[in-house]
Amino acid sequence: MVKLQRFTKEKTLVHEFGRYILEKQDLALAGNDDAVFNIAISGGSMNQVLYESLVTDKNIFPHIKWPQWRIFFCDERLVPFESPQSNYGQFKRTVLDPLVHEDDQLNLGPTVYTINESLIGGGETANKKIAEEYDSLLPASFDLILLGCGDDGHTCSLFPGVEFNYLVEEMDRKVLWCYNSPKPPKDRITFTLTVIAEAKNVCFLVKGFAKKAIMHDVLIVKNGELPSVLVNEMVGTKVTWFLDEEAGALIPQNC
Ligand SMILES: O=C1O[C@H](COP(=O)(O)O)[C@@H](O)[C@H](O)[C@H]1O
């Protein structure tokens, strides 16, 4: 059974999300200066919340041990980093760049694992190689994976529908090239469910009215054709959902 956390105030959601991440960091590092915190993040609306939770929240920021963080991306769009569609590019502009000078001091940042940008635009062989290379960089398991959920129920770049079964049915490889994303750009790489299954903690963050119908489908109907539901079914006991009031509008209060 998954844990559900719902918030009526944006500020509380942001703070509690930061506290949740901090708790997982502290568990992973256990006060050991040589340990690392392996975390994977998603793109889209996640970036702004990460910035507000981890960089501008004065009660969280001083406790984040950035140099010990190893950050990976749950999915990435196969575009140059400077493109607004790049998950890394967006994370860099929203979180990493401001982090460096936050609090009027020079802050050491995390180690961030990106795809091999030099291979972008190289066609099928290069796209497969990007996925294989990224796969080879992943740790044996993540301390925390932060997921989003699209209004169609996709998570990472695992989309619902038979044409995407090649992504959700993969059991061996950890990262795949998604060649037919229904949302642009069509070429992406994505974690497979195998990576999520091995993670120690998994957390979804979903906000906004546009998500209320899909949240009902995922959390109440539990439509097994949706990749986000597959995550809940596979590893429910280690999954926490953070929802704002709008996204949770159709979820009964007693859930
Ligand atoms: O395409 C993507 O969408 C999902 C959901 O994004 P959101 O902006 O609706 O929260 C995201 O988790 C994924 O990383 C991204 O590539």
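Please refer to the structure placed before this passage.
These figures come from a predicted structure and were not determined experimentally.

### Overview of the state of the cysteines
Okay, step 1: Inspection of every chain in the model, using the stated rule, returns zero disulfides.
Okay, step 2: Between Cys 74, a cysteine without a disulfide, and Cys 156, which holds the nearest cysteine sulfur, the sulfur-to-sulfur distance is 4.7 Å.
Okay, step 3: According to the relative accessible area criterion, Cys 74 is buried, its value standing at 1%.

### A short note on the packing of aromatic side chains
Okay, step 1: A complete count under the given rule lists 16 aromatic pairs for this structure.
Okay, step 2: Between Phe 17 and Phe 242, the ring centres sit 5.4 Å apart and the planes meet at 75 degrees, which makes this aromatic pair edge-to-face. A residue pair is termed long-range when its members are at least 10 positions apart, and Phe 17 in helix H1 (residues 10-29) and Phe 242 in strand S10 (residues 239-244) qualify at 225 residues.
Okay, step 3: According to the relative accessible area criterion, Phe 17 is buried, its value standing at 0%.
Okay, step 4: An aromatic cluster of three or more residues is present, and its members are Phe 72, Tyr 113, Tyr 134, Phe 142 and Phe 191.

### Some remarks on the packing of helix H2 (residues 46-56) against helix H3 (residues 87-101)
Okay, step 1: Where H2 meets H3, the closest approach of the two axes is 9 Å, and the angle between their N-to-C directions is 15 degrees. With respect to their mutual orientation, H2 and H3 come out roughly parallel. H3 is crossed by H2, and the crossing has right-handed handedness. Of the residues in H3, those in contact with Asn 47, Gln 48, Leu 50, Tyr 51 and Val 55 of H2 are Gln 90, Phe 91, Thr 94, Val 95, Pro 98 and Leu 99.
Okay, step 2: Grouping the constituent residues of the contact of H2 with H3 by class yields seven nonpolar, four polar and no charged.

The rules we used
Residues numbered from 1 in each chain as written. Predicted model: local features only at pLDDT ≥ 70, side-chain atom pairs only at ≥ 80, totals over all residues. Heavy atoms only, no water. Disulfide = S-S within 2.5 Å. Buried < 20%, exposed > 50% of the residue type's maximum accessible area, 1.4 Å probe, protein only. Phe/Tyr/Trp six-rings, centres within 6.5 Å; stacked < 30°, edge-to-face > 60°. Helix = DSSP H or I, 4+ residues; strand = E, 2+ residues; numbered from the N terminus. Axes fitted to C-alpha atoms, helices over the stretch in contact; angles between N-to-C directions. Parallel < 35°, antiparallel > 145°, perpendicular 65-115°, else oblique. Left-handed = near helix turned anticlockwise from the far one by under 90°. Contact = heavy atoms within 4.5 Å. Nonpolar A, V, L, I, M, F, W, Y, C, P; charged D, E, K, R; others polar.

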